[in-house]
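# Chain and residue survey
Residues per chain, in single letters:
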Amino acid sequence: MVMKRNRLAPLIVLFLMGLTIYAGFLIRDVIVLQDQIADENVSETLDGRPHIIMIGEVEDHLYWNIVRDSAMEYADANHLYLQYKGPRDPNPDEQVNILRKAIDVKPDGLIVQSLNESFIPLINEAITKGIPVITVDSDQPDSDRITYVGTDNYAAGERVAEDVLDHVDVVQAGIIAGTYTNNHHQLRLEGFHDVLQASDRADILDMASSGIKRVNAREKAYQMLLTYPEMNVLYGTSALDVLGITEAIDLLGREGIYVVGFDTIEENLQLLGEGKVDTLVSQEPYQMGIKSMEIIERIIRGETVPDLINTDSHLVKRDLP
Ligand code: BGC
């Protein structure tokens, strides 16, 4: 009895291995088929319209939804077909993979938020293959991209620092950076740092990254304020950072901290109105969506465009009665 079972064992193992390999092939075929179907659907949907793919930092995010929706608005009004894509959670590697797949689809134009150097080879590959690429929100000037549509991030960082120096006597600053690695966040840090460094009454005490998430911004700001009770300025470089910063300040019941940061999304404007935030840097995600579409359309039509298009950005303060 025992002997028989032993003899059967290798056969069962072989059978299971075969089954696994077969299942692998089956799954691959299904994926290929799904891609084919998706391609066919796209070409049916195109109905003669130029196909544009926009790749943002996140699929669903307060800031990126504004960029996406305004771009969609432009597409609908101008007989263009736009697909917006982005990772479910911010993840530059996944964003690069999305870009790779988008190139395979051979759209008529690509609009990409380019976060770091790993985007360069793909941007260049797309250009070589005849697909025009422009960057939005975060630039990649070392690539062959045709133009950039977005904020001048270094200048914005400088303006924030000047505002802080205008309002705080001796600056003891903490920074919540959206990321340390993304080009546009780096520029916002550099501009801020360079202006403060040139002053003899400013120090940056600490810096941490929120990964562009409100909950992380809150945790990091909370820890910073506990570690540095003398901290009197907090600067958030991405859209949800001031939300987290003010939550941390509230939790600790701290007062007299000058809060500055990016983006005039509704939630942040409310904090500005309540006096919890002192200064916001406005960016124009709506304008970025519209403008980037207009520019890619002009490129597709064969027009020449400037190689840098800065959208509006300025400091916004509370309207005092
Ligand atoms: C940046 C975007 C980023 C967003 C996230 C904005 O300030 O420009 O790139 O995705 O913040 O919160």
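The present account deals with the structure reproduced in this document. Computed from a predicted structure; not experimentally measured.

## Some words on the nonpolar core
- Residues Ile111, Leu234 and Met293 are the most contacted members of the largest nonpolar core, which totals 47 residues.
- Every element with two or more residues in this core is listed here: β1 (51-55), α2 (62-77), β2 (81-85), β4 (133-136), α7 (214-227), α8 (241-252), α9 (266-273) and α10 (285-300).
- Of all the elements, α2 adds the most residues to this core, at 6 residues.
- Residue contacts for Ile111: discarding those within four places in its chain leaves Ile52, Ile53, Met54, Ile55, Ile134, Val136, Ser292, Met293 and Ile296.
- One finds Ala161, Leu165, Phe192 and Val195 within the second-largest nonpolar core, a separate group that totals 21 residues.

## Thoughts on the pattern of salt bridges
- As enumerated under the stated definition, the model contains 13 salt bridges in all.
- Residue Glu125 is joined to Lys129 by a salt bridge in which the shortest nitrogen-to-oxygen separation is 2.8 Å.
- Residue classification places Glu125 among the partly exposed positions, given a relative accessible area of 32%.
- Glu294 is the partner of Lys291 in a salt bridge, and the nearest nitrogen-oxygen pair spans 3.5 Å. Linking Lys291 with Glu294, this pair stays in helix α10, spanning 3 residues, or about one helical turn.
- Exposure remark for Lys291: the relative accessible area of 27% places this residue in the partly exposed category.
- A relative accessible area of 24% places Glu294 in the partly exposed class.
- Beyond isolated ion pairs, a larger network of salt bridges with shared partners links Lys291, Glu294, Glu297, Arg298, Arg301 and Glu303.

## Describing unusual backbone geometry
- Residues other than glycine seldom take positive phi values, yet Asp137 does so here, at roughly 70°.
- Along the polypeptide, Asp137 turns up in the loop between β4 and β5 (148-150).
- On the basis of relative accessible area, Asp137 is assigned to the buried category, the value being 2%.
- The phi angle at Asp263 is positive, at roughly 100°, despite the residue not being glycine.
- For Asp263, a relative accessible area of 3% puts it in the buried group.

## Considerations on the pairing of β1
- Counting buried positions along β1 yields 5 of 5 residues, so the element is predominantly enclosed.
- Both faces of β1 are covered, namely the face carrying His51, Ile53 and Ile55 and the face carrying Ile52 and Met54.
- Relative to β2, β1 runs parallel, the two being bridged by 5 bridges. Within β2, the residue paired with Ile53 across the bridge is Gln83.
- Where the polypeptide runs from β1 across α2 and back to β2, its parallel neighbour, the crossover connection is right-handed.
- One ladder, built from 4 bridges, connects β1 with strand β3 (residues 109-112); its direction is parallel. For Ile53, the partnering residue across the bridge sits in β3 and is Leu110.

## What about the site of the ligand?
- Around the ligand lies a shell of 14 residues, among which Glu57, Trp64, Asp137, His184 and Asp263 are the nearest.
- Glu57 has a polar side-chain atom sitting 2.6 Å from an oxygen atom of the ligand.
- Within the side chain of His184, an N or O atom sits 2.7 Å from an oxygen atom of the ligand.
- Taken by itself the ligand offers 310 Å² of open surface, and the protein chains cover 100% of this.
- Listing elements by their share of the shell around the ligand, those giving two or more residues are α2 and α6 (183-197).
- When grouped by side-chain class, the residues that make up the shell around the ligand number 5 nonpolar, 5 polar and 4 charged.

## Focus: the packing of aromatic side chains
- Taken as a whole and assessed by the stated rule, the structure comprises 2 aromatic pairs.
- Arranged with centres 5.6 Å apart and planes meeting at 75°, the rings of Tyr63 and Trp64 form a pair that is edge-to-face. Comparing Tyr63 with Trp64 shows no difference in burial state: the two are buried.
- Measuring from centroid to centroid gives 4.2 Å for Phe192 and Tyr235, while their planes differ by 35°, and the two rings are tilted. In this pair, Phe192 sits in helix α6 while Tyr235 sits in strand β8 (residues 233-236), placing the two residues 43 residues apart along the sequence. Like Phe192, the residue Tyr235 is buried in the burial classification.
- Arg188 extends its terminal NZ or CZ atom over the ring of Phe262, reaching a point 3.9 Å from the ring centre.

The rules behind these values
- Residues numbered from 1 in each chain as written.
- Predicted model: local features only at pLDDT ≥ 70, side-chain atom pairs only at ≥ 80, totals over all residues.
- Heavy atoms only, no water.
- Core = buried A, V, L, I, M, F, W, Y, C linked by side-chain atoms within 4.5 Å.
- Buried < 20%, exposed > 50% of the residue type's maximum accessible area, 1.4 Å probe, protein only.
- Helix = DSSP H or I, 4+ residues; strand = E, 2+ residues; numbered from the N terminus.
- Contact = heavy atoms within 4.5 Å.
- Salt bridge = Lys/Arg side-chain N within 4 Å of Asp/Glu carboxyl O.
- Pairing = 2+ DSSP bridges.
- Right-handed = clockwise from strand over helix to strand, strands pointing away.
- Near = heavy atom within 4 Å.
- Polar contact = N/O pair within 3.5 Å; in protein donor to acceptor, adjacent residues only side chain to side chain.
- Areas by Shrake-Rupley, 256 points an atom, 1.4 Å probe, with all protein chains shown as cover.
- Nonpolar A, V, L, I, M, F, W, Y, C, P; charged D, E, K, R; others polar.
- Phe/Tyr/Trp six-rings, centres within 6.5 Å; stacked < 30°, edge-to-face > 60°.
- Lys NZ or Arg CZ within 6 Å of the ring centre and 35° of its normal.

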